[in-house]
Amino acid sequence: MARKLAAGNWKMNGTGEHLAELENLAQGDLPEGVDVLICPPATLISRAADRAGDIAIGGQDCHAKTSGAHTGDLSADMLRDAGATYVILGHSERRADHGEGDADVRAKTEAAQAAGLVAVVCIGETLEEREAGTTLEVVGAQLAGSVPDGVTAENTVVAYEPVWAIGTGKVPTLDQIAEVHDALRADLVARFGAAGKDLPLLYGGSVKPGNAAEIFGVSNVDGALVGGASLKAADFGPIIAALAAS
Ligand SMILES: O=C(CO)COP(=O)(O)O
């Protein structure tokens, strides 16, 4: 069985004072049996890692190369050196804002794994694709293109985030989540065997304290990638608790 992971993506939110929320979470009672991850902006990784206790810290992107003339970019080694142990890759906001495609995400994932980081590879359909009935085709192609060969259950996490559910308050039905997660799991097992079975599969998109428990009850949902509700310990704490209880 896959380990349970509650992951928070702070996106482009937070300066130093926001680390109080991380400290509140780290100093509270974190339940057994759930891994907790916070991915703050890169400027906070080092300070966050110093205060995170049992909470893992991750980046939100990395370059595919290890070093060189790439102004403004960060390598996976740099994230690791700053205290990160995970990195989110291929988030739909990166795909949309920076034109990242599956081949870019795959190369970044390989770089992250080579640096010893756990890659959280994100995939998800747009509203147009959902309405056209092509969701499984789209996410299947993204999974095949973005996840490199030879991954392990320890160095890779896959997050299904329907683009239309991110930051909108709209959530797929539980049946729709189950349909996608079951299909992704079958693809992962077909390609990677035991690693594909044990690799955590997260749902992301408008996860809140009020809907977390029912989402965590869906088959093949091993946790969540949470945006807005990860910014406050008072919101993220109950989501972590709901995952532990699932
Ligand atoms: O994009 C997300 C996490 O990566 C989800 O964001 P929200 O939880 O704010 O919808």
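Residues numbered from 1 in each chain as written. Predicted model: local features only at pLDDT ≥ 70, side-chain atom pairs only at ≥ 80, totals over all residues.

Engineer: With reference to specific residues and values, describe the sheet that holds strand 3 (residues 56-59).
Structural biologist: Read around the closed barrel, eight strands run 1-2-3-4-5-6-7-8, paired in parallel fashion. Within the sheet, the average angular offset between the axes of one strand and its neighbour, ignoring direction, is 25°. Pairing between strand 1 (residues 4-9) and strand 2 (residues 34-39): six bridges, direction parallel. When the sheet's bridge partners are listed, Ala 6 is paired in strand 2 with Val 36. Each of strand 1, strand 2 and strand 8 (223-226) is contacted by helix 11 (residues 233-245), which is oriented at about 160° to strand 1, the strand it contacts most. (Pairing = 2+ DSSP bridges. Helix = DSSP H or I, 4+ residues; strand = E, 2+ residues; numbered from the N terminus. Axes fitted to C-alpha atoms, helices over the stretch in contact; angles between N-to-C directions. Contact = placed C-beta atoms within 7 Å.)

Engineer: I'd like to hear about the site of the ligand, residue by residue, with values.
Structural biologist: Taken together, 14 residues form the shell around the ligand, and within it Asn 9, Ile 166, Gly 167, Gly 227 and Gly 228 come nearest. A per-class count over the shell around the ligand returns five nonpolar, eight polar and one charged. (Near = placed C-beta within 6 Å. Nonpolar A, V, L, I, M, F, W, Y, C, P; charged D, E, K, R; others polar.)

Engineer: So what about the environment of Thr 85? Which residues, and what values?
Structural biologist: Among the secondary structure elements, Thr 85 is positioned in the loop between helix 3 (76-82) and strand 4 (86-89). Between the C-alpha atom of Thr 85 and that of Gly 116, which follows or precedes it by 31 residues, the distance is 7.4 Å.

Engineer: Kindly report on the pairing of strand 4, identifying the contributing residues and their values.
Structural biologist: Both faces of strand 4 are covered, namely the face carrying Tyr 86 and Ile 88 and the face carrying Val 87 and Leu 89. Alignment of strand 3 against strand 4, held across two bridges, turns out to be parallel. Bridge pairing in strand 4 links Gly 59 to Val 87. At this point the chain moves from strand 3, through helix 3, to the parallel strand 4, and the crossover so formed is right-handed. One ladder, built from four bridges, connects strand 4 with strand 5 (residues 118-123); its direction is parallel. Opposite Ile 88, over in strand 5, you have Val 120 as the bridge partner. (Buried ≥ 20, exposed ≤ 12 C-beta atoms within 10 Å, placed from the backbone. Right-handed = clockwise from strand over helix to strand, strands pointing away.)

Engineer: Residue-level account of the pairing of strand 7 (residues 201-204), with values.
Structural biologist: Side chains Leu 201 and Tyr 203 project from strand 7 onto one buried face, and the interleaved Leu 202 and Gly 204 project onto a second face that is buried too. Here three bridges tie strand 7 to strand 8, and the two strands are oriented parallel to one another. Residue pairing across strands places Leu 202 opposite Gly 223, the latter belonging to strand 8. Regarding the hand of the β-α-β motif, the stretch spanning strand 7, helix 10 (residues 209-216) and strand 8 is right-handed.

Engineer: Describe the confidence of the model for the chain, listing the residues and the values that go with them.
Structural biologist: On average, residues of the chain score 97 in pLDDT, and 100% of them reach the 70 mark or higher. Both scores are given for the predicted complex: the pTM is 0.98, the ipTM 0.99. (pLDDT = per-residue confidence, 0-100.)

Engineer: If you had to explain the environment of Thr 156 to someone new, which residues and values would you point to?
Structural biologist: On the secondary structure map, Thr 156 appears in strand 6 (residues 156-160). Of the residues examined, Thr 156 has 24 C-beta atoms within 10 Å and is grouped as buried. Linking Thr 156 and Thr 173, residues 17 residues apart in sequence, is a C-alpha distance of 26 Å. Setting aside chain neighbours within four positions, we find Thr 156 in contact with Val 118, Ala 119, Val 121, Val 147, Val 151 and Leu 199.

Engineer: Describe helix 11, listing the residues and the values that go with them.
Structural biologist: Here helix 11 is 13 residues long and its end C-alpha atoms lie 18 Å apart, about the 18 Å a rise of 1.5 Å per residue gives. Residues of helix 11 that are buried include every one of Phe 236, Ile 239, Ile 240, Ala 242 and Leu 243, and no others. In a view along the axis of helix 11, the buried residues occupy a sector of 160°, so they form one face of it. (Expected span 1.5 Å × (residues − 1). Arc of directions from axis to C-beta.)

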